[in-house]
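# Structure at a glance
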Amino acid sequence: MAAIIRPLHSAAAGICRRAIGSSVGLPPGPSECVRRTPYAARCPHNRLQFRASTSNNSGSGSGSSDPSSIDAGPKPKLTKLERSVCPSMGTPLLSPAGLLFEYESIMSTETDSSEEDELDTSLLPKDEENLTEHVVPPESPFFFIPQVKLHAGDGSHRKRVLVLCTGGTLTMSPNPELGGALSPVPGALTDFMKSMLELTNEKMPDVVVHEYAPLLDSSDMGPPDWQVIARDIKANYLHFDGFVILMGTDTMAYTATALSFMLENLGKPVVFTGSQVPIAEPHSDARQNLIMALIFAASCNGVSINEVTIFFHDRLIRACRAQKVNSGEMGAFDSPNLPPLATTGISIKEQDHLILPPARGVLRVHTRMDTRLLALRLVPGFDDQILMHTIEAGAESGSLRALVLQLYGTGNAPAIKEDFIRCLKRATELGILVVASTQCHRGTVMMAHYATGKALERAGVVSSNDMTLEAISCKIAYLMGRGDLSRDQIAKLMCVSIRGEAFQRASKKGRYYY
């Protein structure tokens, strides 16, 4: 039976705000107040809902006043729908993506939207440079409008999953105007999912699809776009059981890793996926990847993996452990130093002992990423003077706060090049964080294992343990973006696993944490 497609509307209900306190985790920064709207139960007949956003306005959406980074950066390329008139009802849709309500199911407790302005300003945070955004369940009717529980009163026991599509190969088809080169096609995902009989299966979740505009190649995405995704997950966090992010594969590991750090105390699955072959091709891997991502996002297999992950081909891997390792085969991603959290075949096999423990606090969304860092891969015979000029110029202009070095083996560098060691020592004296990683696909940095590593250690270089380059760069950007940590504190936290991104030995008794 084909899914019934209905227009989606935003409930113009009263909104209350409250400044939320800190949660368990790293030292919290100032918190951002939370906008809360009533949740309305969906119509039981509407199994699948689609919304394709097309807007040229890049400055819309909830939370747009938040600083995107410590220094002014480029504007987000992913724009969210600010106002679009539905042809059947004439009611506008409001951004962000997840404030989606059906006209038939808007609660009778609606109030005039003018009540938004009647706020108690004493409850709002005083610091305008807000660092984090908090999402918590309503604590009292005084601050929050009572919300309907998920699935309550709609006659359905299905889970709900929000699909956020940013573009990528999955949405592409040959473009005659570009000589047959692949380019994103708006609405391709929506049309494809309308014909998926798998989504009518009783075991599958209800799905709401949101396509960003414009659809992007993943190589065009960066931190401002990560913030858009994080904020949309925050806005929808209490309305869905899980989230699927569809994007291109080239920078998927970076985006997924960044989201794993931006979403602290995550209590629901966030699954990234895409495809190596466009969805319009008969042999595309998009269908399987999409179906399995929905299954893991909705915990249809009975095991809830409440962390940011990537599902591709036949495996579910932790996002902050992932790397793209193959551009020509279906198994594009690997987790070099951690086995997959789950594998698929005739059955789904989870590695329960690798799954992160449940969150111990409310969701905190960090939206600032400071990307003033540089990654360099050493080759034999490199010129020390180029590195010295880069460090001096970066420190003087304030454009360089961290330097990531991809070294040989277990973190070795030519100790006989005294100018190189002095260069790194000078960088640490200037307040630049210098982190050592390995060029090897598998393995870890052991700076105390060889004399060359010891020389780097004395120069103030910090070990990255067994983290991937994606995890190192995103972790540094996250820690620097918090704004409440010194260089020394960041250096110490680089050796601590805070999202399962690194191997960590807890004691001499041999207990390990991944």
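Here, the structure is the one placed above.
Residues numbered from 1 in each chain as written. Predicted model: local features only at pLDDT ≥ 70, side-chain atom pairs only at ≥ 80, totals over all residues. Heavy atoms only, no water.

### Comments concerning the overall build of the protein chain
In plain terms, the rule: Segments assigned H or I by DSSP are reported as helices when at least four residues long, segments assigned E as strands when at least two residues long, and all are numbered from the N terminus. Note on classification: 1.4 Å probe, protein chains only; a residue is buried when its accessible area is under 20% of the maximum for its type, exposed when over 50%, partly exposed between these limits. Throughout, a residue-residue contact means that at least one pair of heavy atoms, one from each residue, lies within 4.5 Å. Note on areas: these come from Shrake-Rupley sampling with a 1.4 Å probe, and a residue is covered only by the protein chains present in the view.
Within the protein chain, the secondary structure is distributed over nine helices and 25 strands. Residues classed as buried in the protein chain amount to 53% of the 514 residues present. The long-range fraction of contacts in the protein chain, counting pairs at least 24 apart against all pairs at least 6 apart in sequence, stands at 77%. Split by element, the accessible area of the protein chain, about 22,200 Å² in all, is 54% carbon and sulfur.

### Comments concerning the pairing of strand β9 (residues 206–216)
The cut-off we apply is this: For two strands to be treated as a pair, DSSP must find at least two bridges joining them.
Most of β9 sits inside the fold, with ten of its eleven residues counted as buried. With seven bridges connecting them, strand β6 (residues 160–167) and β9 associate as parallel partners. Paired with Leu-162 across the two strands is Val-208, which belongs to β9.

### Some points on the packing of helix α2 (residues 223–236) against helix α3 (residues 252–262)
Spelled out, the test is: Simply put, an axis is a line fit to the C-alpha atoms, just over the touching stretch for a helix, and the angle between two N-to-C directions goes from 0 to 180 degrees. Small angles under 35 degrees read as roughly parallel and large ones over 145 as roughly antiparallel, with 65 to 115 read as roughly perpendicular and the rest as oblique. Left-handed describes a crossing whose near helix is turned anticlockwise from the far helix by less than a right angle; the clockwise case is right-handed. Under the convention adopted here, Pro, Cys and the residues Ala, Val, Leu, Ile, Met, Phe, Trp and Tyr are nonpolar, Asp, Glu, Lys and Arg are charged, and Gly plus all remaining residues are polar.
Running from amino to carboxyl end, α2 crosses α3 at an angle of 50°, the nearest separation of the two axes being 10 Å. Accordingly, the angle class assigned to the pair α2 and α3 is oblique. Seen along the crossing, α2 lies across α3 with a hand that is right-handed. Of the residues in α3, those in contact with Trp-226, Gln-227, Ile-229, Ala-230 and Ile-233 of α2 are Tyr-254, Thr-255, Ala-258, Leu-259 and Met-262. When grouped by side-chain class, the residues that make up the contact of α2 with α3 number eight nonpolar, two polar and no charged.

### Some points on the pattern of salt bridges
The following threshold applies: A pairing counts as a salt bridge when a side-chain nitrogen of Lys or Arg comes within 4 Å of a carboxyl oxygen of Asp or Glu.
Scanning the entire structure with this criterion turns up 21 salt bridges. Ionic pairing is found between Glu-202 and Arg-158, a salt bridge with its closest N-O pair at 2.8 Å. Separated by 44 residues along the polypeptide, Glu-202 in the loop between α1 (188–194) and β9 and Arg-158 in the loop between β5 (132–135) and β6 bring together distant segments of the chain. Overlapping salt bridges bring together Asp-314, Arg-315, Asp-334 and Arg-442 as one network.

### A word on the pairing of strand β20 (residues 373–377)
Regular strands place side chains that alternate from one sheet face to the opposite one. Rules: Here is how to tell: hold the view so the strands point away, follow the path from the first strand over the helix to the second, and if it runs clockwise the crossover is right-handed.
With five bridges connecting them, β20 and strand β21 (residues 402–407) associate as parallel partners. Within β21, the position partnered with Leu-374 by the bridge is Leu-403. Regarding the hand of the β-α-β motif, the stretch spanning β20, helix α5 (residues 384–397) and β21 is right-handed.

### Looking at the sheet that holds strand β22 (residues 433–438)
The strand order across the open sheet built from four strands is β20-β21-β22-β23, with neighbouring strands paired in parallel fashion. Both edges of this open sheet fall to β20 and β23 (462–463), since each of them pairs with a single strand only.

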